[in-house]
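As a plain string of letters, each chain reads:
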Amino acid sequence: MCYNSNMKNYSSRKGFTLAEVLITLAIIGVVAAMTIPVLVTNYQQKTLNTQFKKAYAFINQVLLSTVGELGYVPQCYYRASNSMPDASIKACNVLQDNFFSKMKISRKCNGNAFADGCTPEYEGMDTVANANHPDAEIPEGYESYGDYVSRGCVNFRKNAILNDRTVYVLSDGTIIFPYISPMLVAIDINGKKGPNKWGYDLFSFMLMFDGSRLYYGDGGCMHIEKGGVSSATMIQRLQKNQL
């Protein structure tokens, strides 16, 4: 009698039905679909922030060491007061030779950097401007809006970057290419890893002098790809401990 009663109570208990299980799994799937992309994006951005801090600290440390060994400030910089260039070819050549000699360079491409495998296929200031403003009016005398926007930055047009720049690839994969000299450089903070976009992992920096110190600040000739941020914004966030 006791045995039959226990069996009766046991058999009367309810478990999860198939419908309940399927609904629960569906809810979990929806929540995962909503949260996982956000978590991945946040992780990727934190990684890029860390790489930006490392790259920015690195170029300024190398610069400080270079100036220290030279014993003087080479006349190859923009004046921080009005951003006008103050440079001589000889001074820039001296700075460039000493600056890059302090880096662990695994590859150097003198032109044809894309074809030779030193860079991924970057966009340039001209092609980014065209993409960001597809309906912009093209001024007379220019083939595209991007050509007009980048008229003072021809060495950071797409064709020049891929085919006519000296590109340095460091041992950690970081890619650096000067506009002409160390006065203006572009840095891909994570090398060939994606997204390889201006304002994401590719930034420009200008060599500045405030009368007492030489340092890299936010750069020119940089048209930000959609969704990216300027080097100026990244430096400001870094200074405010927001990276």
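Numbers given for residues are sequential positions, taken from 1 along each chain in its written order. Whole-chain, interface and lining totals are the exception, using all residues; otherwise, since this is a predicted model, local features are given only for residues with pLDDT of at least 70 and side-chain atom pairs are given and counted only at 80 or more. Side-chain measures were taken over the full set of non-hydrogen atoms in the model, leaving aside hydrogen atoms and water.

(A) Focus on the state of the cysteines. Two cysteine sulfurs form what is called a disulfide whenever their separation falls within 2.5 Å. Using the criterion set out here, one finds 3 disulfides in the structure. For C76, the disulfide goes to C92, at an S-S distance of 2.2 Å. An S-S torsion of about 105 degrees defines the bridge between C76 and C92 as right-handed. A residue pair is termed long-range when its members are at least 10 positions apart, and C76 in strand β1 (residues 76-79) and C92 in helix α3 (residues 89-101) qualify at 16 residues. Like C76, the residue C92 is buried in the burial classification. Between the sulfur of C109 and that of C118 lies a disulfide, 2.0 Å long from S to S. Of note, the bridge from C109 to C118 carries an S-S torsion of about 75 degrees and is right-handed in sense. For the residue pair C109 and C118, the accessibility class agrees, reading buried in each case. Listing the disulfide partners of the protein chain by sequence rank of the bonded cysteines yields 1-2, 3-4, 5-6. Secondary structure counts use DSSP, requiring at least four H or I residues in a row for a helix and at least two E residues in a row for a strand, with both numbered from the N terminus. The cut-offs for exposure are 20% and 50% of the maximum accessible area for each residue type, with area from a 1.4 Å probe on protein chains only; residues under the lower value are buried, those over the upper are exposed, and the others partly exposed.

(B) The arrangement of α3 in detail. The end-to-end C-alpha distance of α3, which contains 13 residues, comes to 18 Å, matching closely the 18 Å that a straight helix rising 1.5 Å per residue would cover. Among the residues of α3, A91, C92, L95, Q96, F99 and F100 are the ones counted as buried. Viewed along the axis of α3, the buried residues span an arc of 135 degrees, placing them on a single side of the element. Away from the buried face of α3 by more than 90 degrees, exposed residues K90, D97 and S101 are located. Residue count minus one, scaled by 1.5 Å, sets the expected span of a helix. Arc definition: it is the arc formed by the directions from the helix axis to the C-beta atoms.

(C) Structural view of the nonpolar core. What is meant by a nonpolar core is a set of buried Ala, Val, Leu, Ile, Met, Phe, Trp, Tyr and Cys residues, joined one to another through side-chain atoms within 4.5 Å. Of all hydrophobic cores here, the largest spans 58 residues; its most connected members are F156, F177, W198, F205 and Y216. We call two residues in contact whenever any of their non-hydrogen atoms come within 4.5 Å of each other. Contact partners of F156, with chain neighbours within four places excluded, come to G124, M125, I161, F177, P178, Y179, L184, V185, A186, W198, S204 and C221.

(D) Fine view of the environment of F177. Along the chain, F177 turns up in strand β5 (residues 175-178). For F177 and D188, which are 11 residues apart along the polypeptide, the C-alpha to C-alpha distance reads 8.9 Å. Once residues within four sequence positions are removed from consideration, F177 is found in contact with Y122, F156, I161, T166, V167, V185, A186, W198 and L202.

(E) Up close: a nonpolar patch on the surface. Only residues whose relative accessible area exceeds 30% and that take part in no salt bridge are eligible for patches, with like-charged residues grouped when within 9 Å of each other and nonpolar side chains (Val, Leu, Ile, Met, Phe, Trp, Tyr) grouped when within 5 Å. Values of accessible area rely on a 1.4 Å probe in the Shrake-Rupley scheme; residue burial ignores everything except the protein chains shown. Any carboxyl oxygen of Asp or Glu within 4 Å of a side-chain nitrogen of Lys or Arg constitutes a salt bridge here. Residues F16, L18, V21, L22, L25 and I28 make up a contiguous nonpolar surface patch of roughly 670 Å² in combined accessible area. Relative to the helices and strands, L22 resides in helix α2 (residues 18-70).

(F) Spotlight on the pairing of strand β4 (residues 166-170). The element β4 is largely enclosed, with a buried count of 4 among its 5 residues. Two strands pair if DSSP finds at least two bridges between them. With 5 bridges connecting them, strand β3 (residues 105-110) and β4 associate as antiparallel partners. Its bridge partner lying in β4, R107 is registered against V169. Sheet topology places β4 next to β5; 2 bridges connect them, and they run antiparallel. For V169, the partnering residue across the bridge sits in β5 and is I175. Count of turn residues in the β4/β5 antiparallel hairpin: 4 residues, of which G173 carries a positive phi of about 100 degrees.

(G) Representation of the pattern of salt bridges. Taken as a whole and assessed by the stated rule, the structure comprises 7 salt bridges. Look at the salt bridges and you will find they share partners, linking E121, E123 and K158 into a network.

(H) View of unusual backbone geometry. For the peptide bond that leads from G194 to P195, omega is 10 degrees, which places it in the cis range. For P195, the location among the structural elements is in the loop between β6 (184-188) and β7 (202-209). Positive phi outside glycine occurs at N112, with the angle close to 55 degrees. Within the secondary structure, N112 is located in the loop between β3 and α4 (125-132). On the basis of relative accessible area, N112 is assigned to the partly exposed category, the value being 40%. With a phi angle near 60 degrees, N196 is a residue other than glycine that sits in the positive phi range. Relative to the helices and strands, N196 is located in the loop between β6 and β7.

(I) Structural view of the environment of F58. With respect to the element layout, F58 can be found in helix α2. The class for F58 is partly exposed, based on a relative accessible area of 28%. Residues F58 and M103, spaced 45 residues apart in sequence, show a C-alpha to C-alpha distance of 9.5 Å. In contact with F58, not counting residues within four places along its chain, are M103 and L170.

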